[in-house]
Amino acid sequence: MRLRPEIAALTAYSQGRSPSPDGFKLSSNENPYPALPGVLEAAAAHVEINRYPDGAAVALRTRLADRYGVEFSEVIVGAGSSSLLQQLFLAAAGRGDEIVYAWRSFEAYPGFVTITGATSAHVPLTDALEHDLPALAAAVTERTRVVVVCSPNNPTGPAVSADAFEAFMRAVPAEVLVVLDEAYQEFVTDPLAVDGEKLIGEYPNLVITRTFSKAYGLAGLRVGYAIGPARLLAAARATAIPFAVTELGFAAALASLDRKPLLDERVAEIVVRRDRLRGELIEQGWAVPSAQGNFVWLPTGEHTTAAADAFFDADIAVRPFADEGIRISIGEEESIERILEVSATLHRQR
Ligand SMILES: Cc1ncc(COP(=O)(O)O)c(C=O)c1O
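The following refers to the structure shown. Bear in mind the structure is a predicted one, so any value in this text is a computation, not a measurement. (Residues numbered from 1 in each chain as written. Predicted model: local features only at pLDDT ≥ 70, side-chain atom pairs only at ≥ 80, totals over all residues. Heavy atoms only, no water.)

## Here's the deal with the sheet that holds strand β6 (residues 177–181)
We count it as follows: Strand pairing requires that DSSP identify at least two bridges connecting the strands. Strands are runs of DSSP state E lasting at least 2 residues, helices are runs of H or I lasting at least 4, and numbering of each runs from the N terminus. The axes used here are C-alpha line fits, helices contributing only the stretch in contact, and every angle between their N-to-C directions lies in the interval 0 to 180 degrees. The contact criterion used throughout is that any non-hydrogen atoms of two residues lie within 4.5 Å.
Reading across from one edge, β2-β8-β7-β6-β5-β3-β4 is the order of the seven strands in this open sheet, with mixed pairing throughout. Both edges of this open sheet fall to β2 (75–78) and β4 (119–124), since each of them pairs with a single strand only. Looking at each pair of strands side by side, their axes are set apart by 25° on average, direction ignored. Two strands pair when backbone bridges link them, and β6 and strand β7 (residues 206–211) are joined in this way by four bridges, in the parallel orientation. Looking at the pairing, L180 lines up with I208 of β7. Lying over the sheet, helix α3 (residues 58–68) contacts β2, β7 and β8 (224–227), oriented at roughly 130° with respect to β2.

## Quick word on the pattern of salt bridges
The line we're drawing: For this analysis, a salt bridge means a side-chain nitrogen from Lys or Arg found within 4 Å of a carboxyl oxygen belonging to Asp or Glu. Note on classification: 1.4 Å probe, protein chains only; a residue is buried when its accessible area is under 20% of the maximum for its type, exposed when over 50%, partly exposed between these limits.
Inspection of every chain in the model, using the stated rule, returns 17 salt bridges. Note that E30 is salt-bridged to K25, the shortest N-O span being 3.1 Å. Here K25 falls in the partly exposed class, since its relative accessible area comes to 25%. Among the ionic pairs, R210 bridges to E182, the shortest N-O distance being 2.8 Å. Separated by 28 residues along the polypeptide, R210 in strand β7 and E182 in the loop between β6 and β7 bring together distant segments of the chain. Residue classification places R210 among the buried positions, given a relative accessible area of 2%. Its relative accessible area of 0% is what places E182 among the buried residues. Each of R67, E182, D195, E197 and R210 takes part in one network of salt bridges that share partners.

## Observations concerning the pairing of β4
When strand β3 (residues 98–103) meets β4, the two strands line up parallel, connected through six bridges. Counted as the bridge partner of Y101 is H122 from β4.

## Examining the site of the ligand
The following threshold applies: For this description, a residue counts as near a given molecule or strand if any of its non-hydrogen atoms is within 4 Å of it. Shrake-Rupley sampling with a 1.4 Å probe provides the accessible areas, and residues are treated as covered by the protein chains on show and by no other component. The residue classification treats Ala, Val, Leu, Ile, Met, Phe, Trp, Tyr, Cys and Pro as nonpolar and Asp, Glu, Lys and Arg as charged. All others, Gly included, are polar.
Near the ligand lie 14 residues; those nearest to it are S81, S82, Y184, T211 and S213. Considering the ligand on its own, with 390 Å² of exposed area, one finds that the protein chains cover 94% of that surface. A total of four residues in the shell around the ligand trace back to one element, the largest contributor, which is helix α4 (residues 80–92). Here the residues of the shell around the ligand sort into five nonpolar, six polar and three charged.

Laid out in structure tokens, this is it:
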């Protein structure tokens, strides 16, 4: 039985650890709030689970097209933005091609690239753990088919600046697809940060991906979307697994869009909590980079595994990256004091 060797060597995406039922799960950048009031009811009311969902996702795509001022053909939806990233990679790259992205960044990128048959080219983050956009542009070769820019960057936190991103877009050849992964865009407060929405229609090779998983709190229902030129999106749609987004997902996403003011309040609370946590960690002596998503980065270096265990002993699940650092998602208010107790002890022990 022969397998593709690169796939046989690939491990399935590994999910963040879970704490005890009384602990805090801060390992997957999830939203700590339950569904917005009325969302589950609205979703359940629509569902006929004996039928396939609408494969063309007409209602949600129409709504998103309206919201972003684009044509229906310029927005597609997928089973989370993960699915759309993979579809876009498959549409543009194959064996012998290269996909370029910053590293460290979203852990799923390397696997998505391998699945296409292409290879990954990693461009190191700067010392401030930010994207090095000039270096990313310089890494583009004849073989490059896609460049991915993750803003804010998971797991380190900084967003790329609008100016640097536009200079980057001018430097990248127009036949190379640029994917701006904005899974955490709703949490961005840096006024200088890029906002993909403002760039819609500006570049023939730019696609932005966003998700209902993070700010909208629908991670469990798997709904994401991409906005960009119709021809690129049609190709990405062609690589999709049919019916990957369910009617429950469509209905919950639509109902959540109807409740945007309440959503904005929740996002604002998470942002306040994030900034307070980052500020206090800095006061403890940690060099925490700019945090523009719903998470902060604790640079624990060679002590990372032991530090993650210390958090786990306090019933807090975090996401460690061995020898680099720990990503802590912004969760419940009550988690903050407990995080700070552990981080203070860790800092004293350094
Ligand atoms: C940077 C980034 N992009 C995309 C995703 C995919 O999220 P989803 O598939 O839930 O939309 C994540 C999830 O953690 C992420 O961190």
